[in-house]
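Each chain is listed here by its residues.
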Amino acid sequence: MTETPDAAGGPLPGVFVAFEGGDGAGKSTQARALAEALRASGREVVLTREPGGTSAAEAIRDVVLDPAHTGLDPRAEALLFAASRGEHVARLVRPALQRGAVVITDRYLDSSIAYQGVARGLGLEVVEELNLWATRDLLPDLTVVLDVDAGHGLARVTDPNRLEDEPESFHAVVVQAFRDLAARDPQRYLVIPASGDRDAIAAQVLARVEQLLDRAPTAQTDPVAVSSAAAPPHDQSEPGAAT
Ligand code: TYD
């Protein structure tokens, strides 16, 4: 159950899981694997990504990741990511959590802290505060950090976006920032070396998420969510395979 209160002050019945890590860590593959495993057990799952997840947020994604905008002002960049996130949470993530779904996002708020706050040097606190404001304080129940050395991760990236075009030293700072964020609050993070066997990583993630689900109402037992549990899966994105 998401500890963050909803707009009316009550707890959100769904479970919110974020995948984070440096570029090329395999987040998208693992997010999809988790979604498939949970759907197979009858859960309503919303698989989504950031930046993106709604049409307006995807439009912001196109701007902020476009390599044509090399040298975009770092504050403008941070605001665009936060704007995309605010829209994503308001229109997709929070409503899904309110009806008891499991929401799995490929990147979330920690990406802004790591890339814009730390690697761009804008400051961890100000970027965190901006994004908590944008999301009305919505934090994941669990953040899975797929830990990859910057060099290894970048070697897996094809067709780099504007952020992936940054030098390896930038990405090394990003990777360390994720490790530091996880160390701040170990209960809400699961850090896994991304170099491991894909299926073994997926099993480790699923086991941890199942622990969370044991504490939350299931789609089947929540009367409000019964109809949506029967609906076809509705992925909000088709994140690239090798990320
Ligand atoms: P994407 O192709 O989705 O990368 P990946 O598949 O590796 O997640 O592009 C997202 C890029 O945007 C990625 O390089 C990380 C960056 N990013 C930020 O800098 N700040 C953010 O808040 C988010 C969500 C992503």
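Residues numbered from 1 in each chain as written. Predicted model: local features only at pLDDT ≥ 70, side-chain atom pairs only at ≥ 80, totals over all residues.

Draft legend 1. Spatial organisation of the nonpolar core. Ranked by internal contacts, the top residues of the largest apolar core, which has 58 residues, are Val17, Val103, Ile104 and Ala114. Counting residues per element, this core draws most heavily on helix H3 (residues 74-98), at 8 residues. Sequence-distant contacts of Ile104, that is, excluding residues within four places in its chain, are made with Val17, Ala31, Leu34, Ala35, Val45 and Leu47. (Core = buried A, V, L, I, M, F, W, Y, C linked by C-beta atoms within 7 Å. Buried ≥ 20, exposed ≤ 12 C-beta atoms within 10 Å, placed from the backbone. Helix = DSSP H or I, 4+ residues; strand = E, 2+ residues; numbered from the N terminus. Contact = placed C-beta atoms within 7 Å.)

Draft legend 2. Quick peek at helix H7 (residues 168-184). Compared with the 24 Å implied by 1.5 Å per residue over 17 residues, the 25 Å span of H7 between its first and last C-alpha is a close match. Those residues of H7 that sit buried are His171, Val174, Val175, Ala177, Phe178 and Leu181. Buried residues of H7, viewed axially, fall in a sector of 155°; they line one side. Facing away from the buried side of H7, by more than 90 degrees, are the exposed residues Ser169, Asp180, Ala183 and Arg184. Buried residues belonging to H7 abut strand S3 (15-21), helix H4 (109-119), strand S6 (142-147) and helix H6 (150-155). (Expected span 1.5 Å × (residues − 1). Arc of directions from axis to C-beta.)

Structural measurements only, silent on function.
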